Every structure is written in C-alpha cells, then in structure tokens.
Amino acid sequence: MLEISGLDVHYDGVHALRGLSLTVGKGEIVALLGNNGAGKTTTLSAVSGLVRPSGGTVVFEGEDITGSAAHKITGRGLVHAPEGRRIFSTLTVHDNLLLGGYLVRDQAEIRRRIDHVYGLLPRLAERRAQQGGTLSGGEQQMLAIGRAMVTGPRLLLLDEPSMGLAPLVVAQVMELIADINASGTAVLLVEQNASAALKIAHRGYVLENGVGTLSGSGDELRSDPRVVEAYLGGA
Ligand code: ATP
C-alpha cells in the first residue's frame, strides 16, 4: 500500500536521505530502525508531506503523493502520529481524541472511533475528563496514538513511540500497536528500540546515514549478527 522509491531529502547542506526504497504492504507492521540522525524521522516527514523530497517518489494506494500537502495526505488515510509529548496538555483526554476527528464530518463515525480507542485503552476511558498534561508519559503516548486512530488511518506512521518510557510501558505501547494492526491498520514504525520493534514487526529495514542497508523479516533481522551487534546490544 506504500511504496517509497529512491527517496532523497536535502536540508541546507545536509543530505539526510540517499535513495531510500521501502514498501509497506496491507496489514503489515514494518519497522524502520537506525541510530540517532540516520534519517528515520525525515523518512516519515517526507511520506506525510511535512518535508519535500528532492528526489524519488512516494506512492500510497497506487497514487503518487510525492510532495503533496500534509492535510491532503492525512485525508487519504495516511496518518503521521506525533511524538507523544505533542498532545494538548490543557485539554482533556476526550477533547484530545475529538481533535483527531477534525477532518471527519460524520459525528457518529467520530464517536464510533473514539469508543474503539477507549475499548483498546480502558485506562484512557477512565481518565477521559483528566487534562492531557497530567497523564503519565506512557499514557500521553497512548493518547497520541489514540488521537491518530480517530483520524481513521489505513496506514499509521509512528515516530519512536517507546521514547522515554520504562520497559514495562514500552511493552504496553507495542501491544497497543499490535492490537491496532490486528484491527486492520498497517503501521510504519520508526524505532531506536530495535528489540521492542522487532517483537511486533512483520518486516523491517535498517537505515544508516540516510541509506537503507539491511532489510528482512522481523525474525531474520533479530537473528542477523549485524543487527544484534549494532542495535540489540551485542550477542
Ligand atoms: P533520531 O533518532 O535522533 O530522531 P533520525 O534517524 O530520526 O534520528 P533525522 O531526524 O531524520 O534522523 O535526521 C537525519 C539528518 O538530517 C540528521 O543529520 C539531522 O541533523 C538532519 N536534519 C533533520 N532535520 C533537519 C532540519 N530541519 N534542518 C537541517 N537538518 C536536519
């Protein structure tokens, strides 16, 4: 459903992506792994229209969306969830979720999607009247993902959802992503936490200095000595 081919991104003086190609199929969770500065966030931004690529193409469900405006891409069902701390801290949990429905006209559909999120995340349902900023880090991350779900994605782009979270909470966030995927949404998951991401990913890619260097199934990557050495903390 997503095909990235030969993608190049330049910032002033920095060649951040160099001919990256990757695909995400219907129903898949695909992990994009790499160290700080490898170009993972840039990849998501180039797909979702926040950064204009200098070369290559992005095709979503058969349509060339390279360089399209971000809101048009979101409207097509390709949704980029912001990093967890970017929820609205003075709004309630429920109002944060309602904001996810800003492109949706059908109020009953918004209610149905919010109920689905509360079903996946009973902790958020219990806290629906609480201000977003008073949630724990893990709960804020889940709210950010929940809000993206209300937008109605067929493909969800997630940028380091494990960042800053304790291992137990990371496991809960990964479980949520697997549940979302099981309910029919494809996921492109950017993670520095390769171990957590490869537990749920069907396939993955490794990015180094803007270049895709390795790819394979989750199991292949998890047992690849180069991945073990560089991203899984040694043998
Ligand atoms: P991290 O895991 O640290 O977030 P990343 O893999 O997501 O890293 P990117 O944020 O995509 O990496 O950055 C890739 C390269 O592009 C880095 O060298 C970074 O300094 C550079 N870069 C990113 N955004 C900009 C920008 N707005 N202007 C200039 N250079 C940028």
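One structure accompanies this document, and this report is about it. From a predicted model like this one, the values you see are computed outputs, not experimental measurements. (Residues numbered from 1 in each chain as written. Predicted model: local features only at pLDDT ≥ 70, side-chain atom pairs only at ≥ 80, totals over all residues. Heavy atoms only, no water.)

## Regarding the overall build of the protein chain
The helix and strand tally for the protein chain stands at 10 helices and 10 strands. The globule rule puts the C-alpha radius of gyration for 235 residues at 18 Å, and the 17 Å found for the protein chain is close to it. Expressed as a percentage of the 235 residues in the protein chain, the buried residues total 49%. Restricting the contact set of the protein chain to residue pairs at least 6 apart, pairs at least 24 apart contribute 66%. Here the protein chain displays about 10,700 Å² of accessible surface, and carbon together with sulfur accounts for 49% of that area. When the 21 basic and 24 acidic side-chain charges of the protein chain are each reduced to a single mean position, those positions are 5 Å apart. (Helix = DSSP H or I, 4+ residues; strand = E, 2+ residues; numbered from the N terminus. Rg over C-alpha atoms; globule rule 2.2 N^0.38 Å. Buried < 20%, exposed > 50% of the residue type's maximum accessible area, 1.4 Å probe, protein only. Contact = heavy atoms within 4.5 Å. Areas by Shrake-Rupley, 256 points an atom, 1.4 Å probe, with all protein chains shown as cover. Lys, Arg positive; Asp, Glu negative; His and termini not counted. Charge placed at Lys NZ, Arg CZ, Asp CG, Glu CD.)

## A short note on the site of the ligand
Taken together, 13 residues surround the ligand, and among them Asn36, Gly37, Lys40, Thr41 and Thr42 come closest. Asn36 is positioned such that a nitrogen or oxygen atom in its side chain is 2.7 Å from an oxygen atom of the ligand. Gly39 places a main-chain nitrogen or oxygen 2.8 Å from an oxygen atom of the ligand. Taking 630 Å² as the accessible area of the ligand by itself, protein coverage stands at 59%. Considering only residue class, the shell around the ligand consists of 4 nonpolar, 7 polar and 2 charged. (Near = heavy atom within 4 Å. Polar contact = N/O pair within 3.5 Å; in protein donor to acceptor, adjacent residues only side chain to side chain. Nonpolar A, V, L, I, M, F, W, Y, C, P; charged D, E, K, R; others polar.)

## Comments concerning the sheet that holds strand 7 (residues 155-159)
Reading across the sheet, the 6 strands line up as 6-7-8-3-9-10 and stay open at both edges, with mixed pairing between neighbours. The open sheet has two edge strands, strand 6 (78-81) and strand 10 (211-217), and neither has a second partner. Going across the sheet, the axis of each strand differs from the next one's by a mean of 15°, ignoring polarity. Pairing analysis gives 5 bridges linking strand 3 (residues 29-33) to strand 8 (residues 186-191), with the strands arranged parallel. (Pairing = 2+ DSSP bridges. Axes fitted to C-alpha atoms, helices over the stretch in contact; angles between N-to-C directions.)

## Here's the deal with the sheet that holds strand 2 (residues 14-24)
Strand order in the open sheet made by the 4 strands is 2-1-4-5, with antiparallel pairing throughout. Every other strand in the sheet has two partners, leaving strand 2 and strand 5 (63-64) as the edge strands with one partner each. Contacts between helix 1 (residues 40-48) and the sheet are confined to strand 1 (2-11), strand 2 and strand 4 (55-60), with strand 1 contributing the most and set at about 110° to the helix.

## Some details on the side chain of Asp8
The residue Asp8 is located in strand 1 in this model. In this structure, Asp8 is buried with no salt-bridge partner, the nearest side chain bearing the opposite charge being Arg18 at 6.9 Å. There is a polar contact of 2.5 Å between the side chain of Asp8 and the side chain of His15. A distance of 3.5 Å separates the side chain of Asp8 from the backbone nitrogen of Gly19, its partner in a polar contact. (Salt bridge = Lys/Arg side-chain N within 4 Å of Asp/Glu carboxyl O.)

## With respect to helix 4 (residues 107-120)
In a regular helix each residue adds 1.5 Å, so 14 residues correspond to 20 Å; helix 4 covers 20 Å between its end C-alpha atoms and thus fits that length. Restricting attention to buried positions, one finds in helix 4 the residues Glu109, Ile110, Arg113, Ile114, Val117 and Tyr118. Residues of helix 4 that are buried make contact with helix 3 (93-99), helix 5 (122-126) and helix 6 (137-150). By the N-cap criterion, in which a side-chain oxygen at the helix start approaches the backbone nitrogen of a residue two or three places on, helix 4 is capped by Asp106, the distance to Ala108 being 3.0 Å. (Expected span 1.5 Å × (residues − 1).)

## Regarding the packing of helix 6 against helix 7 (residues 167-182)
Helix 7 packs onto helix 6 with a crossing angle of 15° between their chain directions and a minimal axis gap of 10 Å. With respect to helix 7, the element helix 6 is oriented roughly parallel. Note that helix 6 runs across helix 7; the crossing there is right-handed. From helix 6, Gly138, Gln141, Met142, Ile145 and Met149 reach across to helix 7, where they touch Val169, Gln172, Val173, Leu176, Ile177 and Ile180. (Parallel < 35°, antiparallel > 145°, perpendicular 65-115°, else oblique. Left-handed = near helix turned anticlockwise from the far one by under 90°.)

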